[in-house]
Amino acid sequence: FTQQSGGVKMKHKLVMVVLCMATLLSVAAVADAGIIWMNRAGASGGDKGGGEFTVHVVDGTGLPVSAGDTFFTFCLEYYESIKLGVTNQYGAVVSDVSNTLSYAHLGSGPLQVYAAPGDPLDFKSAYLYSMAMAGTLLRSDGFAYKTVAGEEDADANSLQAAIWHIEEELLTTDAQALAWITEAGNANWTTLRNVRVLNLYGLDSNGDIDLTDLKQSQLILVPLPSAAVVGMVMLLGLAVLKLRRRR
C-alpha cells in the first residue's frame, strides 16, 4: 500500500480504523456479559406463560445492575422459551446501539422474520415497560398496574400480551392490553429513552456464555447515555477527523 496515492492510503487507513473499532465493539459485547437467572414475580407474575418475571443477577458484568440485585421484566419473544429457577442460569447482554435502536436477537414470530442483528424494540413496548416499572401505568379503571389485590396476575398477563402484540409476536390479547397499546401509541415516544433489550444466551460446560445458543430476549432499564458506547463513538470520530486532517 505504500506505493499508492495519498488519497488511497488515507481511505485504507480509515477502513482499517473502522474495522478495528468494530472489532473492539464486538469484543466488548462478548466480554460485557452478565449472568442471571429468573423466576416468576412472586404470586403475581402472570399465569399465561410469559412475564412478569423477577431477574436475579449473579454477575453484573456489562449490565446496569450488580450481583445480588433483582429487577422485573417481560418477554419480547413468544416463540422462545426459558427455564426458571436458580439452577437455570443464562448469559445476559444488553443491546444498546442507541437510544432509538435496541435489538432482540431472534425476533421470528408468525408475522415477521428478522435477519441479523434481530428485531428492533418498538418504542411503544419501551413506553409500557417504563411506565409499569415507574408505577405510573394505569388500568382502565384508574388504578395503577398491579395495585388491586387479587388482580395482579391479570395485570401482568395483560401487559405481557400488550408487549407481544406490539412486537408482532402474538395477536391474541384482551381489553386491558388493547387499552395500553392505544395509550402507548398516543404517547408518541420517538426514542427508547432508558429501556433496552436484554438478550439471553446459554452457558457452555465451563460456565462461559455461548453466543450461538440464543435464548429469550427481555427488557431492562439502563442509565443514559451508555458511557461505553459513547466513548467508542467518540474515539472513532476523533480517528476519522485526524485522518481527514492529514489529507
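See the structure printed just above.
Bear in mind the structure is a predicted one, so any value in this text is a computation, not a measurement.

Caption draft 1: Spatial organisation of the environment of Tyr-201. With respect to the secondary-structure elements, Tyr-201 resides in strand E9 (residues 195-203). Along the chain, Tyr-201 and Val-93 lie 108 residues apart, while their C-alpha atoms are 8.2 Å from each other. With residues near it in sequence (within four places) discarded, Tyr-201 still touches Tyr-90, Gly-91, Val-93, His-105, Ile-209, Asp-210, Leu-211, Asp-213, Leu-214 and Lys-215.

Caption draft 2: Just the packing of helix H3 (residues 152-166) against helix H4 (residues 175-187), in detail. Relative to each other, H3 and H4 sit at 55°, their axes nearing to 8 Å. One finds that H3 runs oblique with respect to H4. In this structure, H3 meets H4 at a crossing whose hand is right-handed. For the pair H3 and H4, the contacting residues are Asp-155, Ser-158, Leu-159, Ala-161, Ala-162, His-165 and Ile-166 in the first and Gln-176, Ala-177, Trp-180 and Ile-181 in the second. Here the residues of the contact of H3 with H4 sort into seven nonpolar, three polar and one charged.

Caption draft 3: Region of the structure containing the environment of Ala-134. Its place among the elements puts Ala-134 in helix H2 (residues 123-134). Once the C-alpha coordinates of Ala-134 and Tyr-145 are considered, the two residues, eleven residues apart in sequence, prove to be 10.0 Å apart.

Caption draft 4: Fine view of the packing of aromatic side chains. Within the structure shown, the criterion is met by four aromatic pairs. For the ring pair Tyr-78 and Trp-164, a centre distance of 4.8 Å and an interplane angle of 90° mean the geometry is edge-to-face. Of this pair, Tyr-78 sits in the loop between strand E3 (70-73) and strand E4 (90-95) while Trp-164 sits in helix H3; the two residues are 86 residues apart in sequence, bridging distant segments of the chain. On the basis of relative accessible area, Trp-164 is assigned to the buried category, the value being 6%.

Caption draft 5: Structural view of the nonpolar core. Counting 46 residues, the largest nonpolar core has Ile-36, Leu-128 and Leu-159 as its most contacted members. Mapped onto this core, the elements with two or more residues apiece are strand E1 (34-40), strand E2 (53-59), E4, H2, H3, H4, E9 and strand E10 (209-221). Here this core gets seven residues from one element, more than from any other, and that element is H3. Ignoring sequence-local partners within four residues, the contact set of Ile-36 consists of Val-55, His-56, Val-57, Val-58, Leu-63, Asn-88, Gln-89, Tyr-90, Ala-92 and Leu-200.

Caption draft 6: Up close: the pattern of salt bridges. All chains considered together, the criterion is met by seven salt bridges. For the salt bridge of Arg-139 with Asp-141, the shortest nitrogen-to-oxygen distance reads 2.4 Å. Arg-139 gets classed as buried once you look at its relative accessible area, which sits at 10%. The exposure class assigned to Asp-141 is partly exposed, which follows from its relative accessible area of 43%. In this structure, the salt-bridge partner of Arg-139 is Asp-155, at a minimum N-O distance of 3.2 Å. Residue Arg-139 is located in the loop between H2 and H3, and its partner Asp-155 is located in helix H3; the two are separated by 16 residues in the primary sequence. The same class applies to Arg-139 and to Asp-155, which are both buried. It is possible to trace a salt-bridge network through shared partners that takes in Arg-139, Asp-141, Glu-151 and Asp-155.

Thresholds applied
- Residues numbered from 1 in each chain as written.
- Predicted model: local features only at pLDDT ≥ 70, side-chain atom pairs only at ≥ 80, totals over all residues.
- Heavy atoms only, no water.
- Helix = DSSP H or I, 4+ residues; strand = E, 2+ residues; numbered from the N terminus.
- Contact = heavy atoms within 4.5 Å.
- Axes fitted to C-alpha atoms, helices over the stretch in contact; angles between N-to-C directions.
- Parallel < 35°, antiparallel > 145°, perpendicular 65-115°, else oblique.
- Left-handed = near helix turned anticlockwise from the far one by under 90°.
- Nonpolar A, V, L, I, M, F, W, Y, C, P; charged D, E, K, R; others polar.
- Phe/Tyr/Trp six-rings, centres within 6.5 Å; stacked < 30°, edge-to-face > 60°.
- Buried < 20%, exposed > 50% of the residue type's maximum accessible area, 1.4 Å probe, protein only.
- Core = buried A, V, L, I, M, F, W, Y, C linked by side-chain atoms within 4.5 Å.
- Salt bridge = Lys/Arg side-chain N within 4 Å of Asp/Glu carboxyl O.

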